[in-house]
Amino acid sequence: MTTTDTIQDLVPDKYKYGFVTAIDADTAPPGLNEATIHLISDRKQEPDWLRQWRLKALKHWLTMKPPHWAFLRYPEIDYQAISYYSAPKPARKDGPQSLDEIDPQIRQTYEKLGIPLEEQKALAGVAVDAVFDSVSVATTFKKKLAELGIIFCPISEAVRDHPDLVRQYLGSVVPYTDNFYATLNSAVFSDGSFAYIPKGVRCPMELSTYFRINAQRTGQFERTLIVADEGAYVSYLEGCTAPMRDENQLHAAVVELVALKDATIKYSTIQNWYPGDAQGKGGIYNFVTKRGACRGARAHISWTQVETGSAITWKYPSCILQGDDSVGEFYSVAMTNHHQQADTGTKMIHIGQRTRSTIVSKGISGGHGQNSYRGLVKILPGARHSRNYTQCDSLLLGDQCGAHTFPYIEVRNSSSRAEHEASTSKIAEDQLFYCHQRGLDEENAVALIVNGFCREVFKELPMEFAVEANKLLAISLEGSVG
Amino acid sequence: MVAVAEQPDLYDRDLQRLQRHNAPDWLCDWRQRQMQRFRTLGWPTMKDEPWRFTSLKPVMDTPYTCVGPGEAHAAAITPQALEAWKLHQEGERILVFVDGHYRADLSSPPADLPQGVTSLAQALRDTPEDVQAVLRRANTVAMDALAALNGAFLLDGACLQPARTDTPPLLHLLYLATSAAPPRVSHFQNLIVVPEGGQITVVEHDVSLGAGRHWCNGITHLLAGPNSHARYYLLEESNPQAVNTRLIHAHLDRDSRVELHPALLGGGLVRNNIHGVLDGEGSHLLVNGLFVGRGQQHLDNHMRIVHARPRGESHQFYQGVLGEEAQGVFAGRIVVQPGAQQTDAKQTNRNLLLSDEARMNTQPQLEIHADDVKCTHGATVGRLDQEAVYYLQTRGLPLELAQALMTYAFAAQGLNRMNIAAVRRHLMRQLSAKLPHGRELAQMIEEPV
């Protein structure tokens, strides 16, 4: 068997997390108009300002056209055929008070996913705000966090309990006019997480939300808002799995991060949504707008992502480096297989003086996968003495796949430096040969080399995630063995 | 795209007037079709991805007229005046064009020109079918609106189809643009066909005769036959008012080797498109770009290299120096098509910013659809190494001269990849003249003849 054949065999495989939980969902009829907004706002008992904000976004969205610049191919989405609200029916009117009140089936689902929702799992030090479709079902560790003044709750709850904070920051990083998908999200966002870390507080545990898309034809539109006040520190984990589906599902989330003076936000994502089957049928369409603003001096935002799922990924976690000496980082591993397509990258906008950004992007393509890195580094005239370093590497695991790099570098002053490097190659025969020589078989050799290829990014992940990321990649690579 | 509304009557009138000159039916048809295409495509705007950083507004708003050969011949130029632009290289043959029209009286005598080297207008008269065949072969790549406009005014240019010889001459195409009112545009095409195993060296040289506005919209098709070797230099040295838009299309056959050396030193608004297609196994393409801007120059380098066959090799180097309020753009894409295995492609864009008002936008891009490839690209934007400048100062060089020397050294990396000494010498002089302490600098770096 030739090496190419073997690699083809290694490239996967089945979606391990493909299952559907049959629970009653309170779902809105398909379609999007003002009535839909009122329905969502009514269900969620939202204040009027939020209702108006949603309506403004909808009005603007109706004037927009879906973007076509990305290196992606997919059929037009009929936005009127999608249902924009879905909530599991509450067991009691006042909602669950403890784990016992949670629908056992949902709990089973979490267990299958390995979410550490229960007490013994909490030893891992993870507070989980689990979003099951659109409404947050349970939040753990809330009390412990509350003692430190940290607010970590579903955003719908935050709208009720901390309206001033939400109103101040919602849409301040990603305005409702930002882009087609962000505007759609602003109009119909269902739920998501809100975190506020007060001045000088170091969040003692990793905050984590597991998103799952469950009900059929229900686009999920999370909205996440994380605010780190002066000198605060928080590390946030986002992990995604979704059940097996035949129909394409739309996901258009918005994540906003605000880091004030001396604050640090570390945002890590593992995305493993249903990628479609081997023929490219089905799979999630993932159009996400993620952006962080370093508002004060020495603020620090770091994005780490491992993207192995979704039929289509359209995602550019960005940093606006406003404060002097602020730092933006982006570490990414994106893997595309079968007929998956990913167009992902970052934007680093240098505004403050002596701002620094680092971009490390690793793309792996197999099967018929198309993987693109698209990034913007913009250094404005006032961002004197700024630095950027970008490295994009692509690994090709088959002769039908594609790897593309589209960086944009715009420098407007002479005291700054921007560097960009990119390479594309396949696994070298000599590397494989060396591994064979040391007694590794084909599969393990490929896994080892790919692992080494991604190492730079994995080491940025929190430990729990790094383990999961390795596992995910192993599943993707080892196929039958995994 | 903006509908072609700005100068429609003008271009139509020009086309009507010029259609009378020389025209087999197919050519009239060709021009009409290209004009139609230009209308359909419309002017590119900054909303179109390939024109993100370059606005053609100044061109759209100016009534540039296209003149016929008669007006071009009226310009009084003496052969002595040409001496300043000559390269003075042994074997140099010069073909002079004024506003895009061939001037036999200023060019090397026909007897000195190799067989198959003539003006496009002449070739259209003598062997129109042959030209038509070459145009068909050449027009296989996607052409933008400006190329369509050029096609609508296909009148003259150089037609170089020399036979294979052991001592190929250096063909110097000198394009002179006059400053007239209303300002003039020249749409010329250079058709270069290199036979199997042949060699050719072409230096295209754009200069202004006055300080006024003019627009050059030129296309060069370079069709390199199997196992041939072609070198093509573009020296852009027009005045700061000039607009220069350009397409250089190189088509490489099996085992051919093509070098393209575009050097953009002059011009106000310059857009240079390079489209290279490696359409034969084992072909080799070198693109060695240099752009040096100051004042308010806008220099846009656009490049697309397509690897269509296996074992192709392409290297692209672009060195950019931007001072004062100059703006530079580099957008280069390497496309490796499915099946183009064992491709080796390397792209490097390095830029030096000399002032805070200067601006650089760079987009090195890779689009790869084959797995057994080695493709890399790199881009940097930065300023002079302060420590190196300080070192030179400690050796007694004044600050400005030290900076100029460092800047020159940076640009010289591009010059060193050019293997015709006369061109290197010429560019060295042009470059040092653009830097402070030009004369002292020239003395320090003058290459022995």
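Parameters at a glance
- Position numbers for residues start from 1 in each chain and track the written sequence from start to end.
- Each chain takes a letter, starting from A, and each ligand takes a number, starting from 1, following the order in which they are written.
- Since the coordinates come from a predicted model, pLDDT governs what is reported: local features require at least 70, and pairs of side-chain atoms require 80 or more to be given and counted, while whole-chain, interface and lining totals use all residues.
- In this text, helices come from DSSP runs of H or I with a minimum length of four residues, and strands from runs of E with a minimum of two, each type numbered from the N-terminal end.
- Restricting the calculation to C-alpha atoms gives the radius of gyration, and the globule rule supplies 2.2 Å times the number of residues raised to the power 0.38.
- Whether two residues are in contact is decided by their C-beta atoms, placed from the backbone, lying within 7 Å.
- Counting other C-beta atoms within 10 Å of each residue's C-beta, where C-beta atoms are placed from the backbone, gives the exposure class: buried for 20 or more, exposed for 12 or fewer, partly exposed between.
- The start and end points of each domain follow an automatic or database-based domain assignment.
- In this count, Pro and Cys sit with the nonpolar residues alongside Ala, Val, Leu, Ile, Met, Phe, Trp and Tyr, while Asp, Glu, Lys and Arg are called charged and the others, Gly among them, polar.
- In short, DSSP must find at least two bridges between two strands for them to pair.
- Angles here are taken between N-to-C directions and fall from 0 to 180 degrees, while the axes themselves are lines fitted to C-alpha atoms, restricted in helices to the stretch in contact.
- For classification purposes, angles smaller than 35 degrees are called roughly parallel, those larger than 145 roughly antiparallel, those between 65 and 115 roughly perpendicular, and all remaining angles oblique.
- Handedness of a helix crossing follows the sense of rotation of the near helix relative to the far helix, less than a right angle counterclockwise being left-handed and clockwise being right-handed.
- Take the buried Ala, Val, Leu, Ile, Met, Phe, Trp, Tyr and Cys residues, join any whose C-beta atoms are within 7 Å, and the set you get is a nonpolar core.
- Taken from the helix axis, the directions to the C-beta atoms give the arc we talk about.
- A residue's pLDDT is simply how confident the predictor is in it, with values from 0 to 100.

## Quick look at the overall build of chain B
Then, in step 1: Within chain B, the secondary structure is distributed over 12 helices and 21 strands.
Then, in step 2: At 21 Å, chain B has a C-alpha radius of gyration in line with the 22 Å of a compact globule built from 449 residues.
Then, in step 3: Principal axes of the C-alpha set define a box for chain B whose edges measure 70 × 55 × 50 Å.
Then, in step 4: For chain B, the proportion of contacts with a sequence separation of at least 24, taken over those separated by at least 6, is 82%.

## Details of the overall build of chain A
Then, in step 1: Counting its secondary structure elements, chain A contains 12 helices and 24 strands.
Then, in step 2: Going through the 482 residues of chain A one by one, you find that 55% of them count as buried.
Then, in step 3: Of the contacts formed within chain A by residues at least 6 apart in sequence, a portion of 84% connects residues at least 24 apart.

## Brief notes about the domain arrangement of chain B
All names here are of chain B.
Then, in step 1: When cut into domains, chain B gives domain 1 (8-280) and domain 2 (386-449).
Then, in step 2: A C-alpha centroid distance of 31 Å is found between domain 1 and domain 2.
Then, in step 3: Opposite the 11 residues of domain 1 that make contact, domain 2 presents eight residues.
Then, in step 4: Mapped onto the side of domain 1 that touches domain 2, the elements with two or more residues apiece are β9 (199-208), β11 (229-237) and β13 (257-264).

## Topic: the interface of chain B and chain A
Then, in step 1: Counting residues at the interface gives 31 residues for chain B, matched by 29 residues for chain A.
Then, in step 2: Counting only elements with at least two residues in the side of chain B that touches chain A, the list comes to β20 (359-368) and β21 (374-382) of chain B.
Then, in step 3: A per-element tally of the side of chain B that touches chain A places β20 of chain B first, with 10 residues.
Then, in step 4: A breakdown of the residues in the side of chain B that touches chain A according to their chemical character gives 12 nonpolar, 11 polar and eight charged.
Then, in step 5: Sheet topology note: the strand β23 (residues 402-411) of chain A/β20 of chain B ladder contains six bridges and is antiparallel. Within β20 of chain B, the residue paired with Glu410 of chain A across the bridge is Asn361 of chain B.

## Some thoughts on the packing of helix α10 (residues 429-437) of chain A against helix α11 (residues 442-458) of chain A
Residues and elements named next belong to chain A.
Then, in step 1: Remark: α10 packs on α11, axes separated minimally by 9 Å, with the N-to-C direction vectors making an angle of 120°. As judged from the angle between their axes, α10 and α11 are oblique. α10 and α11 meet at a crossing whose hand is right-handed. Together, Gln431, Leu432, Cys435 and His436 of α10 and Ala445, Leu448 and Ile449 of α11 make up the contact between the two elements.

## As for the nonpolar core
Then, in step 1: Of all hydrophobic cores here, the largest spans 230 residues; its most connected members are Ala195, Ala228, Val234, Leu257, Ala259 and Ile265 of chain A together with Phe97 of chain B.
Then, in step 2: Counting the residues that make up this core, at least three belong to each of domain 1 (8-280) and domain 2 (386-449) of chain B.
Then, in step 3: Among residues more than four places away in sequence, those in contact with Ala195 of chain A are Ile151, Phe152, Leu207, Ile226, Val234 and Tyr236 of chain A.
Then, in step 4: Phe53, Val329, Phe330 and Ala331 of chain B belong to the second largest nonpolar core, which has five residues in total.

## Here we look at the pairing of strand β19 (residues 347-350) of chain A
All names here are of chain A.
Then, in step 1: Where burial is concerned, the two faces of β19 agree: the one with Lys347 and Ile349 and the one with Met348 and His350 are both buried.
Then, in step 2: Pairing between strand β16 (residues 318-321) and β19: four bridges, direction parallel. Each bridged residue has a counterpart across the sheet, and for Ser318 the counterpart in β19 is Lys347.
Then, in step 3: Of the strand pairs in this sheet, β19 and strand β21 (residues 370-379) are connected by four bridges, and their pairing is parallel. In the sheet register, Ile349 faces β21, and the bridge partner there is Lys378.

## What to know about the environment of Lys434 of chain B
Residues and elements named next belong to chain B.
Then, in step 1: If you trace the backbone, Lys434 turns up in helix α11 (residues 421-434).
Then, in step 2: Residues Lys434 and Met46 lie 388 residues apart in sequence; the distance between their C-alpha atoms is 30 Å.
Then, in step 3: Each residue touching Lys434, except ones within four places of it in the same chain, is listed here: Leu265, Val292 and Arg294.

## Some words on unusual backbone geometry
Then, in step 1: Geometrically, the link from Ala181 of chain B to Pro182 of chain B is a cis peptide bond, its omega value of -10° lying close to zero.
Then, in step 2: On the secondary structure map, Pro182 of chain B appears in the loop between β6 (170-177) and β7 (184-186).
Then, in step 3: Even without a glycine there, the phi angle at Gln45 of chain A is positive, about 50°.
Then, in step 4: Among the secondary structure elements, Gln45 of chain A is positioned in the loop between α2 (34-43) and α3 (48-61).

## Some details on the packing of α3 of chain A against helix α9 (residues 180-188) of chain A
Residue and element names in this part refer to chain A.
Then, in step 1: The interhelical angle for the contact between α3 and α9, taken along N-to-C directions, is 145°, at an axis separation of 7 Å. Crossing of α3 against α9: the hand is left-handed. Within the contact between the two elements, α3 uses Arg54, Ala57, Leu58, His60 and Trp61 and α9 uses Thr183, Leu184, Ser186 and Ala187.

## Concerning the pairing of strand β17 (residues 313-322) of chain B
On a regular strand, one side chain projects to one face of the sheet and the next to the other, so that they alternate.
Residue and element names in this part refer to chain B.
Then, in step 1: By the criterion of burial, β17 is predominantly enclosed, with seven of the 10 residues buried.
Then, in step 2: Here 10 bridges tie strand β15 (residues 284-293) to β17, and the two strands are oriented parallel to one another. Its bridge partner lying in β17, Leu285 is registered against Ser314.
Then, in step 3: Of the strand pairs in this sheet, β17 and strand β19 (residues 344-353) are connected by 10 bridges, and their pairing is parallel. Following the sheet pairing, Ser314 is matched in β19 by Ala345.

## Some points on the environment of Leu82 of chain B
All names here are of chain B.
Then, in step 1: Relative to the helices and strands, Leu82 is located in helix α5 (residues 79-82).
Then, in step 2: C-alpha of Leu82 to C-alpha of Leu174: the two residues are 92 residues apart in sequence and 9.0 Å apart in space.
Then, in step 3: Setting aside chain neighbours within four positions, we find Leu82 in contact with Val96, Leu106 and Leu174.

## Some thoughts on the environment of Pro262 of chain B
Then, in step 1: Tracing the sequence through the fold places Pro262 of chain B in strand β13.
Then, in step 2: Distance from Pro262 of chain B to Gln34 of chain B, taken between C-alpha atoms, is 26 Å for residues 228 residues apart in sequence.

## Topic: α2 of chain A
Residues and elements named next belong to chain A.
Then, in step 1: What α2 keeps buried is the set Thr36, Ile37 and Ile40. Projection of α2 onto a plane perpendicular to its axis shows the buried side chains occupying an angular sector of 100°, all on one side. α2 presents Glu34, Ala35 and Asp42 as exposed residues on the side facing more than 90 degrees away from its buried surface.
Then, in step 2: In the core, the buried residues of α2 are packed alongside α3 and α9.
Then, in step 3: Just downstream of α2 lies Gln45, where phi reads positive at about 50°.

## Here's the deal with the confidence of the model for chain A
All names here are of chain A.
Then, in step 1: Confidence along chain A averages 78 in pLDDT terms, with 76% of residues attaining 70 or more.
Then, in step 2: The low-confidence segment residues 117-127 (pLDDT under 50) makes 26 contacts with residues lying over four places distant or belonging to another chain.
Then, in step 3: Taken as a whole, residues 133-138 scores under 50 in pLDDT and shows 34 contacts with residues more than four places along the chain or in a different chain.

## Some words on the confidence of the model for chain B
Then, in step 1: Looking at chain B as a whole, the pLDDT averages 88, with 96% of positions reaching at least 70.
Then, in step 2: Across chain B, element-level confidence peaks in β13 of chain B with a mean pLDDT of 95 and bottoms out in helix α1 (residues 8-19) of chain B with 72.

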